[in-house]
Amino acid sequence: MPLKVLYTGLGRENYNPTRGFSFEYNNFYLTLKNMKGVQIIEYPFDRILEVGKKKFNDELLELVKREKPDLLFAFMYTDELDKDTLRAIRRETKTKTVAWFADDYWRFWNYSRHWPPYFDWIVTTYSKALEWYRRAGFTNVIRSQWACNTAVYKPFDVPKDIDVSFVGQWKPQRGRVVDFLRKSGIHVQTFGFGWGGGRISQEEMLKVFSRSRINLNLNVRPGLLDPRVVARVFFKKSANKLIPDFHLLDNLRAYFHFPILHTHARPFELAGCRAFTISGRSEDIAMYYKEGEEMVFFDSREDLIKKVQYYLAHDDARAKIADAAYARTIREHTYEKRFEDIFKTAGFGRRE
């Protein structure tokens, strides 16, 4: 019998249909949809905009009772799920519940740590959060990590006609790094919201990864005085809106953790495209890719320039590292493998 999974998460990016499907839809939902031995039902958060939060949760409970899924998997975003509804699912049905939390390096303090009592298992990608949850009295925690959806991210056989590229939204910190490289004589092409080149399609992005001799992963963080960071002390998201948040102590603890250099999905996606990558360091990233063998890391702008110049001049070294990162990603860092580990921990063996 297949594993029956009810998936709930954000369907469209930031609830905005003009910006396409969300990260979690493209990577989590589509992976589950294509996994052998899994039967998937989707119930996206986006329905809240049509019927409101109360009816959304009422319908979710009815759906669980009617379909009797083995597992409810939620990719947590804001306050879409009602805690009474989650209690009812655990009390009145046999469905196991699992929630994936993003950005626990800072959201643990004012978001994630309030949810473990309502799920059978919660998932974190941040290694230090395991101890934080334990200190808060929770042991129903699974450590996982971002990965690559190999059905989406894959190499393209195209000429490498771009020296250095960065794909991602413009932010001041990223802009300063790119400007520094350009002033040093390095030609960098940038793509994404806020850059001169503008946004590009998913397929165009994948081709840029393959066309680039060097792909940059710029994970520089804003400072604590950045207005957007300060705003997180006083506001929070509720579905697609910003609302005041008066949990000052929780928010201050989150605020002071916000600048942590964390691991996110892009290195895994680049590696899955067999794209040579120079990445900023982050907590945990060295656990997944060997430095200098599977990925190159930089410590400062000056260090980045030296490494860009070196690897632009050494084609064979770039290819060897990119091939090694690709092989490890396919072997260890796919979302299918992440889900298999989660299912096993949650008490579900592999099903055909």
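If you're wondering where the values come from, they're calculated on a predicted model, not measured in any experiment.

Engineer: So, the layout of surface pockets: which residues are in play, and what are the values?
Structural biologist: Considered as a void within the structure, the second largest pocket measures approximately 220 Å³ in volume. As for the second largest pocket, its lining consists of 15 residues, of which Lys160, Ser210, Arg274, Phe276 and Ala322 are closest to the centre. At the level of elements, strand 9 (212-217) and helix 13 (315-332) are the ones that each hand at least two residues to the lining of the second largest pocket. With five residues, helix 13 is the single largest residue contributor to the lining of the second largest pocket.

Engineer: Which residues make up the pairing of strand 1 (residues 3-8), and what values do they have?
Structural biologist: Along a regular strand, successive side chains alternate from one face of the sheet to the other. Most of strand 1 sits inside the fold, with six of its six residues counted as buried. Because side chains alternate across strand 1, one face comprises the buried residues Leu3, Val5 and Tyr7, and the other comprises Lys4, Leu6 and Thr8, equally buried. Looking at chain direction, strand 1 and strand 2 (residues 38-42) are connected through five bridges and run parallel. The residue bridging tyrosine 7 from the neighbouring strand is glutamate 42, located in strand 2. Handedness of the crossover joining strand 1 and strand 2 through helix 1 (residues 23-34): right-handed. Note: strand 1 against strand 3 (residues 71-75), four bridges, orientation parallel. The partner of tyrosine 7 across the bridge, within strand 3, is phenylalanine 73.

Engineer: Pulling in residues and values, what's your account of empty space enclosed by the protein?
Structural biologist: With the rule as written, the count across this model stands at three cavities of 30 Å³ or more. Computed from the structure, the largest cavity encloses a volume of approximately 70 Å³. Asp103, Tyr105, Thr125, Tyr126, Gln145, Trp146, His262, Thr263, Glu283 and Asp284 are the residues that line the largest cavity. When grouped by side-chain class, the residues that make up the lining of the largest cavity number three nonpolar, four polar and three charged. Each pocket or cavity is described by its volume, and for the second largest cavity that value is around 50 Å³. Taken together, Ser165, Phe166, Val167, Phe209, Asn215, Leu216, Arg266 and Leu270 make up the full set of residues lining the second largest cavity. Those elements that provide at least two residues to the lining of the second largest cavity are strand 7 (162-167), strand 9 and helix 11 (266-272).

Engineer: So what's going on with the sheet that holds strand 9? Which residues, and what values?
Structural biologist: Taken together, the five strands give an open sheet; going across it, the order is 8-7-9-12-13, and neighbouring strands pair in parallel fashion. On the outer flanks of this sheet lie strand 8 (188-191) and strand 13 (296-298), each paired with one strand and no other. Strand-to-strand twist across the sheet, computed as the mean angle between neighbouring axes with direction ignored, equals 25°. Inspection of the sheet shows strand 7 paired to strand 8 by four bridges, in the parallel sense. Residue pairing for strand 8: serine 165 is matched across the bridge by glutamine 189.

Conventions we followed
- Residues numbered from 1 in each chain as written.
- Predicted model: local features only at pLDDT ≥ 70, side-chain atom pairs only at ≥ 80, totals over all residues.
- Heavy atoms only, no water.
- 1 Å grid on protein atoms, 1.4 Å probe; cavity = no way out; pocket = protein on both sides within 12 Å on 5 of 7 lines; lining within 4 Å.
- Points joined across faces, edges and corners; volume = space filled by probe spheres on them.
- Helix = DSSP H or I, 4+ residues; strand = E, 2+ residues; numbered from the N terminus.
- Buried < 20%, exposed > 50% of the residue type's maximum accessible area, 1.4 Å probe, protein only.
- Pairing = 2+ DSSP bridges.
- Right-handed = clockwise from strand over helix to strand, strands pointing away.
- Nonpolar A, V, L, I, M, F, W, Y, C, P; charged D, E, K, R; others polar.
- Axes fitted to C-alpha atoms, helices over the stretch in contact; angles between N-to-C directions.

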